[in-house]
Amino acid sequence: MEWIQSIDTGILLFIQEHMRNEAFHGFWRAITFLGSAGWFWLALAVILLIPKKTRKAGFTALLSMGIGALITNVFLKNAVARIRPYDAVETIVPLVGKLSDYSFPSGHTCASFASAFVYYRLLPRKYGILTMILAVLISFSRLYLGVHYPTDVLGGFFIGLLSSILAYQIVESYLKKKQKV
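Keep in mind that this is a model prediction, so the values were computed, not measured. (Residues numbered from 1 in each chain as written. Predicted model: local features only at pLDDT ≥ 70, side-chain atom pairs only at ≥ 80, totals over all residues. Heavy atoms only, no water.)

(A) Examining the packing of helix α2 (residues 22-35) against helix α7 (residues 125-144) more closely. Interaxial distance between α2 and α7 falls to 8 Å at its minimum, and their mutual angle equals 120 degrees. The chirality of how α2 crosses α7 is left-handed. When α2 is examined against α7, the residues Phe 24, His 25, Trp 28, Ile 31, Thr 32, Leu 34 and Gly 35 are found in contact with a partner set consisting of Leu 134, Leu 137, Ile 138, Phe 140, Ser 141, Arg 142 and Tyr 144. Of the residues contributing to the contact of α2 with α7, the split by class is nine nonpolar, four polar and one charged. (Axes fitted to C-alpha atoms, helices over the stretch in contact; angles between N-to-C directions. Helix = DSSP H or I, 4+ residues; strand = E, 2+ residues; numbered from the N terminus. Left-handed = near helix turned anticlockwise from the far one by under 90°. Contact = heavy atoms within 4.5 Å. Nonpolar A, V, L, I, M, F, W, Y, C, P; charged D, E, K, R; others polar.)

Following this line, the structure appears as structure tokens:
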């Protein structure tokens, strides 16, 4: 486990020393804000509930985010209890206020990919690709800002993927049963 921590820390320090640029701090703060409490993804899902044509995508995304939030915020963050990088390594400087919850897995990343995978699957390809790009940007912002380790983001990615698959299967199963009735 120490070797993972070492790699994680090395990547964060590389980003901090070689990729951070004050001119981009505002951009990455704005990107991370889109993922805060999943508000952007929740709003998008609610908007997609309105037209009948996109209702399935909106509902599936909400279910996917709910599953991801339960796994990430209710269970894993508390079970793993990984402290934030800036609390573990004094040379890591966060570019946003210190957070009160645990680090693993990244909730921003989980919500982003829980939604983006659904949209990639259920919406026209161009919109699915745009949501995937936004999910990648939000995930990278967590590293750039120094509030998550790379493995936190990777964990959030996989939980988002799993959540989207489960949500899709649940919705498909429900719709098939509804058609039979």
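(B) Representation of α7 within the structure. When the terminal C-alpha atoms of α7 are compared, their 28 Å separation across 20 residues agrees well with the 28 Å that a helix rising 1.5 Å per residue should span. Where α7 is buried, its residues meet α1 (2-19), α2, α3 (39-49), α6 (107-122) and α8 (150-180). Backbone geometry just downstream of α7 places Gly 146 in the positive-phi region, at approximately 80 degrees. (Expected span 1.5 Å × (residues − 1).)

(C) Spatial organisation of the nonpolar core. In this structure, Trp 41, Ile 92, Tyr 119 and Tyr 144 are the most contacted members of the largest nonpolar core, which totals 32 residues. Put simply, the parts of the chain that give this core at least two residues each are α1, α2, α3, α4 (55-80), α6 and α7. Setting aside anything within four residues of it in sequence, one finds Trp 41 in contact with Leu 34, Met 65, Ala 111, Ser 112, Ser 115, Tyr 119, Thr 131, Leu 134, Ala 135 and Ile 138. (Core = buried A, V, L, I, M, F, W, Y, C linked by side-chain atoms within 4.5 Å. Buried < 20%, exposed > 50% of the residue type's maximum accessible area, 1.4 Å probe, protein only.)

(D) Inspection of a nonpolar patch on the surface at higher detail. A cluster of nonpolar residues, Tyr 120, Tyr 127, Ile 129, Leu 130 and Ile 133, forms a patch on the protein surface that exposes about 470 Å² of accessible area. Broken down by element, the nonpolar patch gets its largest block of residues, four residues, from α7. Along the chain, Tyr 127 turns up in helix α7. (Patch = residues over 30% accessible without salt bridge, like charges linked within 9 Å, V, L, I, M, F, W, Y side chains within 5 Å. Areas by Shrake-Rupley, 256 points an atom, 1.4 Å probe, with all protein chains shown as cover. Salt bridge = Lys/Arg side-chain N within 4 Å of Asp/Glu carboxyl O.)

(E) Up close: the packing of aromatic side chains. Per the counting criterion, the structure on display carries 11 aromatic pairs. Between Trp 28 and Phe 140, the aromatic rings sit 5.1 Å apart at their centres with planes inclined by 65 degrees, giving edge-to-face as the arrangement. Of the two residues, Trp 28 is situated in helix α2 and Phe 140 in helix α7; the sequence distance between them amounts to 112 residues. By relative accessible area, Trp 28 is classed as buried at 11%. Its relative accessible area of 22% is what places Phe 140 among the partly exposed residues. A ring pair is formed by Phe 117 and Phe 157, whose centres lie 5.6 Å apart and whose planes are at 65 degrees; its orientation type is edge-to-face. Placement of Phe 117 in helix α6 and of Phe 157 in helix α8 is noted, with a sequence separation of 40 residues between them. Given the relative accessible area of 25%, Phe 157 is considered partly exposed. Of the aromatic side chains, those joined through ring pairs into one cluster are Phe 27, Trp 28, Phe 140 and Tyr 144. (Phe/Tyr/Trp six-rings, centres within 6.5 Å; stacked < 30°, edge-to-face > 60°.)

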